[in-house]
Amino acid sequence: MNTRLLFLIAAFIYAAGSHAQEPLLQHIYGRKNLSLDGRWNYIIDPYEMGYYDYRHEPHDQSATGSGGFYDDRKQKDKGELIEYNFDLSPTLKVPGDWNSQSEKLQFYEGSIWLRQKFNADPQAGKRYFLYFGAVNYEAHVYLNGKKLGMHKGGFTPFQFDVTGKLVKGENFVVVKADNTRKQDEIPTVNTDWWNYGGITRDVLLTEVPDSYIADYKVQLAKNNPNKIEGFVQMAGTALSQTVTIFIPEAGITQTVTTDNNGRAAISFPVKKISYWSPENPRLYNVEISTAKDKLTDQIGFRTIETKGQEILLNGKPVFLRGISLHDENPLIPGRLRGQGDMRMMLQWAKEMNCNYVRLAHYPHSEEMIRLADEMGLMVWGEVPVYWTISWLNPDTYNNAEKQLSDLIVRDKNRSSVIVWSIGNETPLSEPRHTFMGKLAAKARSLDDTRLVAAALEVHREGHDVIVNDPLGEKLDLVSFNEYAGWYWSNSTDMLNYKFKIGFNKPVVITEFGADALGGFHADEETRWSEEYQELLYVNQIKMLTAIPALRGMTPWILTDFRSPRRQHPYYQDFWNRKGLISETGKKKKAFFVLKAFYDEMQKKYKSEGK
Ligand code: GCU
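What you see is a predicted model; the values in this text were computed from it and never measured. (Residues numbered from 1 in each chain as written. Predicted model: local features only at pLDDT ≥ 70, side-chain atom pairs only at ≥ 80, totals over all residues. Heavy atoms only, no water.)

**Q** Would you explain the pattern of salt bridges in this entry?
**A** Side-chain pairs of opposite charge can arise where the charged atoms are in close proximity. Within this structure, the stated rule accounts for 44 salt bridges. The partner of aspartate 515 in a salt bridge is lysine 578, with the nearest N and O atoms 2.8 Å apart. Taken together, the residues aspartate 515 in the loop between β32 (507-511) and α6 (530-544) and lysine 578 in the loop between β35 (575-576) and α7 (589-607) connect sequence positions 63 residues apart. Looking at aspartate 515, the relative accessible area reads 1%, which means it is buried. Sharing partners across several salt bridges, the network here consists of Asp72, Lys74, Asp87, Arg115 and Lys117. (Salt bridge = Lys/Arg side-chain N within 4 Å of Asp/Glu carboxyl O. Helix = DSSP H or I, 4+ residues; strand = E, 2+ residues; numbered from the N terminus. Buried < 20%, exposed > 50% of the residue type's maximum accessible area, 1.4 Å probe, protein only.)

**Q** Please clarify how the packing of helix α2 (residues 339-351) against helix α3 (residues 366-375) should be interpreted in this entry.
**A** In a pair of packed helices, the angle between the axes and the distance between the axes together describe the arrangement. Running from amino to carboxyl end, α2 crosses α3 at an angle of 45°, the nearest separation of the two axes being 10 Å. As far as their axial angle goes, α3 and α2 are oblique. Along this stretch, α2 crosses α3, giving a crossing that reads as right-handed. Where α2 approaches α3, its residues Gln339, Met342, Arg343, Met345, Leu346, Gln347 and Lys350 are matched on the opposing element by Glu367, Met368, Leu371, Ala372, Glu374 and Met375. (Axes fitted to C-alpha atoms, helices over the stretch in contact; angles between N-to-C directions. Parallel < 35°, antiparallel > 145°, perpendicular 65-115°, else oblique. Left-handed = near helix turned anticlockwise from the far one by under 90°. Contact = heavy atoms within 4.5 Å.)

**Q** Where do I start with the site of the ligand in this structure?
**A** The full set close to the ligand counts 14 residues, and Asp192, His361, Glu425, Tyr487 and Glu511 are the nearest of them. Taking tyrosine 487, its side chain carries an N or O atom lying 2.5 Å from an oxygen atom of the ligand. Coverage of the ligand by the protein chains reaches 96% of its 320 Å² of free accessible surface. The residue inventory of the shell around the ligand, partitioned by class, reads five nonpolar, four polar and five charged. (Near = heavy atom within 4 Å. Polar contact = N/O pair within 3.5 Å; in protein donor to acceptor, adjacent residues only side chain to side chain. Areas by Shrake-Rupley, 256 points an atom, 1.4 Å probe, with all protein chains shown as cover. Nonpolar A, V, L, I, M, F, W, Y, C, P; charged D, E, K, R; others polar.)

**Q** Looking at this structure, I do not really get the pairing of strand β27 (residues 451-455). What am I missing?
**A** Taken residue by residue, a regular strand's side chains alternate between the two faces of the sheet. With five of five residues buried, β27 lies mostly within the body of the structure. Of the two faces of β27, the one carrying Leu451, Ala453 and Ala455 and the one carrying Val452 and Ala454 are both buried. Pairing of strand β26 (residues 417-424) with β27 involves four bridges; the strand directions are parallel. If you follow asparagine 424 over to β27, its bridge partner there is alanine 455. Regarding the hand of the β-α-β motif, the stretch spanning β26, helix α5 (residues 430-446) and β27 is right-handed. (Pairing = 2+ DSSP bridges. Right-handed = clockwise from strand over helix to strand, strands pointing away.)

**Q** Got a minute to help me understand the sheet that holds strand β22 (residues 316-317) in this structure?
**A** Whether parallel or antiparallel, the strands of a sheet pair through hydrogen bonds between backbone atoms. Read across the open sheet, the three strands follow the order β20-β21-β22; overall the sheet is antiparallel. Since the sheet does not close on itself, it has two edges, and those belong to β20 (304-307) and β22, each with one partner. One ladder, built from two bridges, connects strand β21 (residues 310-313) with β22; its direction is antiparallel. Note on β22: the bridge partner recorded for leucine 313 is lysine 316.

**Q** Would you mind going over the packing of aromatic side chains with me for this structure?
**A** To describe a pair of aromatic rings, one takes the distance between the centres and the angle between the planes. Evaluation of the coordinates by the stated rule reveals 35 aromatic pairs. An angle of 65° between the planes, with centres 5.3 Å apart, marks the rings of tryptophan 193 and tyrosine 362 as edge-to-face. Of this pair, tryptophan 193 sits in the loop between β10 (169-178) and β11 (198-199) while tyrosine 362 sits in the loop between β24 (356-359) and α3, placing them 169 residues apart in sequence. A network of ring pairs unites the aromatic residues Phe69, Tyr70, Tyr84, Phe86, Trp113 and Tyr142 as a single cluster. Between the NZ or CZ atom of lysine 176 and the centre of the ring of tyrosine 51, over which it lies, the distance is 5.1 Å. Above the plane of the ring of tyrosine 397 lies lysine 438, whose end atom (NZ or CZ) is 4.1 Å from the centre. (Phe/Tyr/Trp six-rings, centres within 6.5 Å; stacked < 30°, edge-to-face > 60°. Lys NZ or Arg CZ within 6 Å of the ring centre and 35° of its normal.)

Structure below.
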């Protein structure tokens, strides 16, 4: 067999292995972590010099062995040629997208190498994981010059087992982050949000005992307020362990023994539980422990279900007083940089008297969901299966399913999450229906305790807005986006339209809205004025409350956000202006229209003993 073929086989085996990642550690923030956040040196690499040699062979597989940027080579003598140098390169703040940190990176799409050095003191009897909260979009990760693997997906966490790969003293990690959009990816090439690239969430070096609690689910059983159900999954050595679950404020202590695969089902009755709700966001300390490992998580307990046209939270009908939002700080454009940014966004939603948020169009950070738990906001979580996806490509489907699975694995213990959304405004076709049907089934197989939904397609026939997207049959909510008065009709003629809903299920409008340049005032017929947006909201509410099964809405959108699709130099300037709050933090007139409606709905549902 010739050497080239041998080499290719070796490369294939290596590549396949290097994609393997450990199952996600549940509750990463509850473990012993060394944070690698901070300033990382970075090198912009549009031609991927750091990855390919001049014959476009990957350095780590090339015969030349010249080595890529991941080696972080230093000049041994003054004659040595090295055409990169991290130490002399500028730095980026991690977590943080690169677009908002440097003028020349605002529109950059391509690869950037980032390097961090850190000290470690690896101990025997411990396991070590290198964890990333998110890297948009494709990450190739190297530790001390050796490849750990790669990850695709810009909004879900991933990690590598680095046990035995750390040295005592100084180590270095190098990441090649590439945010290039591609048709067959998730999302695909056309989206209406800024393609923020880079290491946008935390990077942690996590230490666990050699026998450790890898994953668990501790939630109320489906539609059963009197039983907690779930599982515990051990990993590492000695998989069969005695595991104790202790919820002191609920007077619960349960012990289970994991099997030879490290797994044990949990199921036990609850007597005195204060159920989580927006009005009472009660979280319990849940302590899970074994002889060698111990985690304490903060978990709320509630049920969510639909019955006919009602949504029942803890068995009582609820109206979802919501708003959509992106993972972006409008005041200092860029991905939300930490709890301060997140708290600001959710506090604005609370000011509007929301009890619910649609975290569009991709998984937001774990910290954001934990804040929603704490602040009492129900959550619609979503994967970026958005618009014109490559429905026939099996790799595209597997990517979508992986992102959905990682979202559900990560957030399955978060009481605020009530909906898993499998996509947004995907055009009708048989391949799309098959793709989305599989995703819906996957979501239910991973978690039967939450609702499954998507923003469905709608179309108009005369003055009827028809909602009969066949995907609706497979979902729990009739959710759809409609832009009456903005993309079609106008802010007054829109009142002539009627909705024809083809399903007997709760209706939750996922988007409506209009652009308004904050501070621009004119008459109600003038586009881009706050008055146009205000009247549109008044008339949208009139139109939508005529739908008998209306049980919620998440108008588009809490704040103005950056978008490469919005080029009007005066009214937009690469901003989507549908926010109810401007990029200066100013509440537009429509903000108060929606708040007044939510105040009314809150009274209505309270007064009817609902
Ligand atoms: C679409 C889409 C949003 C987009 C919005 C708009 O419905 O779901 O992502 O930003 O409309 O056009 O403003």
